[in-house]
Amino acid sequence: MRLSQNMVLIIIFYPATERNDNRYLEYNLWKGFTMNNKSIHLPSQLPQLNRRNIQHDMIAGLTIFIMLVPQGMAYSMLAGLPPVMGLYASTIPLFIYALFASSRHLSIGPVATTSLLVFTGVSVYAEPQSTNYISLVLALTIMVGAIQLLFGLLKVGFIVKFIPHSVLSGYTSAAAIVIGASQFKHLLGVEISDRLQVHLLLFELINHVQEINPYTVMIAAGSIAMLLGLKKIKGIPGPFLLVILSIILVSFFHLHDKGVRIVGSVPNGLPTLSLPALSLDTFRMLWPMALTIAILSFMESLAIAKAVARKAKYKIYPNQELKALGIANIIGACFHSYPISGSFSRTAVNKEAGGVSQLTSVITGIFVLITILFFTSFFYYLPSAVLAAIIVVSVYKLVDISEMRHLFKVNPFEGWTWVATFTITLLVGIQWGILLGSIFTLMLILMNSTRLNVVELGYVEAKKAFRNVSRYPEANTLDDVLLIRIDSSLHFANSSVLDEKIRGFLRQKPETRYLIMDMIAVNDIDTISVETLGELIEYYQDEEKITCLFANMKGSIRDKVNKAVWRTNYKESINLNLEKLLKEKGFNYKKPQKSYMDVFDYQI
């Protein structure tokens with residue numbers, strides 16, 4: 001019997017390793033299936049689980065559930081959606097991700113930055129929490145998932161390497177401030193617009209300061225103080241306790257009648273299956289934000305997953321993570337979920353609670369489903385200020401000023417990139433932070449590419465090696481020989497700078513009769529640079545009576561210069577390392593003295 005090559009299902013059973021426990025369970029079911037010659041693996045996420053590991057996953061899953069319910073509702077509010085959609089995003093996507101993921105510990109679901117990006121991208125086209133707004137968010141979610149799945153199938157997970165760490169760090173720090181500032185209206189009980197430029201939001205807040213509700217402020221301040229205090233006590237679920245306490249407080253004292261805003265009715269029942277409406281116009285409106293969310297959520301998820309996997313000593317597969325997130329978003333959108341991502345805080349709690357596999361996500365999702373089915377009415381009196389406090393306390397540590405100081409200390413170039421991205425995100429808009437920050441980085445890179453680093457070398461007796469004379473003034477040099485090292489590849493933007501650098505050295509050594517260029521750091525050279533070097537050789541030979549020599553020229557560079565007829569025009573060998581070249585020409589750097597050659601009529 002022949003099987004179709006386009007559809008193969010492989011089921012592999014592995015023997016359990018812990019034979020000393022008769023009550024073991026074998027969960028290695030699927031290893032993978034192939035569809036249309038594109039692999040979508042089903043990693044063995046439940047590897048040989050025994051009773052003890054299942055108990056650990058149960059505890060971790062319940063712990064994450066206690067965190068996720070208030071966080072999910074809070075982040076849904078941040079995204080401009082009904083709180084129940086945060087719970088929807090904490091169910092089906094968790095099941096799907098658990099099935100396809102390569103990470104054993106990453107906890108996905110609603111997160112602050114993704115929620116703010118959703119609000120930023122959709123609120124310009126529809127009123128938050130309106131039917132049209134929700135429809136656009138679901139369309140955005142399926143677009144995000146499709147992009148991530150496509151990137152995973154095409155194995156382009158490497159794309160995240162093109163966003164520098166300094167850009168991402170500056171963006172995250174500014175986004176955290178924007179997220180916190182966007183919650184002022186809930187923390188203070190005032191009605192202001194949904195601006196995402198911090199300076200404009202603050203100006204508007206000043207104009208509405210007389211509308212501040214004192215009861216809301218007291219609830220917000222008490223909530224923040226309680227969350228910060230309980231954070232210092234390990235094992236106490238602060239957000240969960242805060243939600244319960246605030247509901248009791250508001251309902252008992254009827255604070256909702258005194259201007260305190262509450263969540264109100266939360267629909268119960270499972271999310272219905274429906275395909276989001278996606279038209280060509282919707283695609284044109286949302287694709288830039290969909291691409292942004294797809295890349296950023298993947299970057300954050302991958303960074304978190306790798307950090308935990310490194311400690312747990314297992315490997316993460318970036319393209320598999322892309323597929324897992326993509327499929328989770330696509331299917332989640334059909335069950336009224338909005339874009340999900342990896343959560344640093346919940347993943348850390350998962351690891352600390354002893355979670356060993358994605359069974360924790362399944363357990364968390366089951367508990368959330370039970371909550372949606374039977375307990376949503378409990379949240380009626382939940383104050384919006386409490387959800388805002390949960391958001392603020394969750395994101396304030398993302399403002400990483402110490403990282404900016406570190407970048408300036410190590411590499412000012414990256415420090416200025418951080419500052420530029422931070423400022424753009426804070427003042428121009430969160431949707432422009434990554435793009436303009438990356439463009440700013442590209443401009444700095446292009447500027448730096450024109451700055452060719454060329455140094456003079458001398459022999460250091462103590463090191464028994466040639467070193468930069470500006471760093472080692474005691475290095476031996478020869479009066480009639482200028483030995484320089486080119487510290488970067490040569491291309492059209494910097495090759496013209498080489499002549500300027502050489503002239504500067506020659507002005508300090510007017511007796512120079514030989515110019516030796518150490519090419520050990522030159523990994524590439526373009527046609528213009530080859531021509532420029534040829535012109536330099538001819539000029540210094542004919543006009544300055546200086547012979548040019550080359551050392552440590554790599555094979556790929558030699559191939560290019562030989563194609564440019566250097567072998568014919570410049571017959572001197574270009575195949576020697578520096579020590580052999582100096583020995584062949586009789587240049588003795590170990591005892592500094594003038595060096596004279598009998599033959600001066602050849603060059604390269």
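Asks: Describe the overall build of the chain, and please don't skip the residues or the numbers.
Replies: Summing up its helical and strand segments, the chain has 23 helices and 10 strands in all. By the burial criterion, 51% of the 604 residues in the chain qualify as buried. In the chain, of all internal contacts separated by at least 6 residues, the share reaching a separation of at least 24 is 78%. Carbon together with sulfur atoms contributes 61% to the accessible area of the chain, which is approximately 29,300 Å² in total.

Asks: Account for the pairing of strand β9 (residues 514-518), with residues named and values stated.
Replies: Within β9, five of the five residues are buried, which leaves it mostly tucked inside the rest of the structure. A two-sided burial pattern is seen for β9, the buried positions comprising Y514, I516 and D518 on one face and L515 and M517 on the other. Here five bridges tie strand β8 (residues 481-486) to β9, and the two strands are oriented parallel to one another. The residue bridging I484 from the neighbouring strand is M517, located in β9. For the handedness criterion, the β-α-β arrangement of β8, helix α19 (residues 495-508) and β9 is classed as right-handed. Where β9 meets strand β10 (residues 547-551), five bridges bridge the pair, whose relative direction is parallel.

Asks: Can you tell me about the pattern of salt bridges, naming the residues and giving the values?
Replies: Within this structure, the stated rule accounts for seven salt bridges. Ionic pairing is found between K509 and E456, a salt bridge with its closest N-O pair at 3.4 Å. Of the two residues, K509 sits in the loop between α19 and β9 while E456 sits in strand β6 (residues 454-460), which places them 53 residues apart along the sequence. Residue K509 shares its accessibility class with E456, and that shared class is buried. D499 is paired through a salt bridge with R503; the nearest N and O atoms lie 3.1 Å apart. In this pair, D499 and R503 both sit in helix α19, four residues apart, roughly one turn of the helix. The partly exposed category is assigned to R503, whose relative accessible area is 32%.

Asks: Explain a nonpolar patch on the surface residue by residue, including any values.
Replies: On the surface, a nonpolar cluster with roughly 660 Å² of combined accessible area is contributed by L270, I366, I370, L373, F374, F375 and F378. The residue I366 is located in helix α14 (residues 359-374) in this model. Given a relative accessible area of 42%, I366 falls into the partly exposed group.

The rules behind each value
Residues numbered from 1 in each chain as written. Predicted model: local features only at pLDDT ≥ 70, side-chain atom pairs only at ≥ 80, totals over all residues. Heavy atoms only, no water. Helix = DSSP H or I, 4+ residues; strand = E, 2+ residues; numbered from the N terminus. Buried < 20%, exposed > 50% of the residue type's maximum accessible area, 1.4 Å probe, protein only. Contact = heavy atoms within 4.5 Å. Areas by Shrake-Rupley, 256 points an atom, 1.4 Å probe, with all protein chains shown as cover. Pairing = 2+ DSSP bridges. Right-handed = clockwise from strand over helix to strand, strands pointing away. Salt bridge = Lys/Arg side-chain N within 4 Å of Asp/Glu carboxyl O. Patch = residues over 30% accessible without salt bridge, like charges linked within 9 Å, V, L, I, M, F, W, Y side chains within 5 Å.

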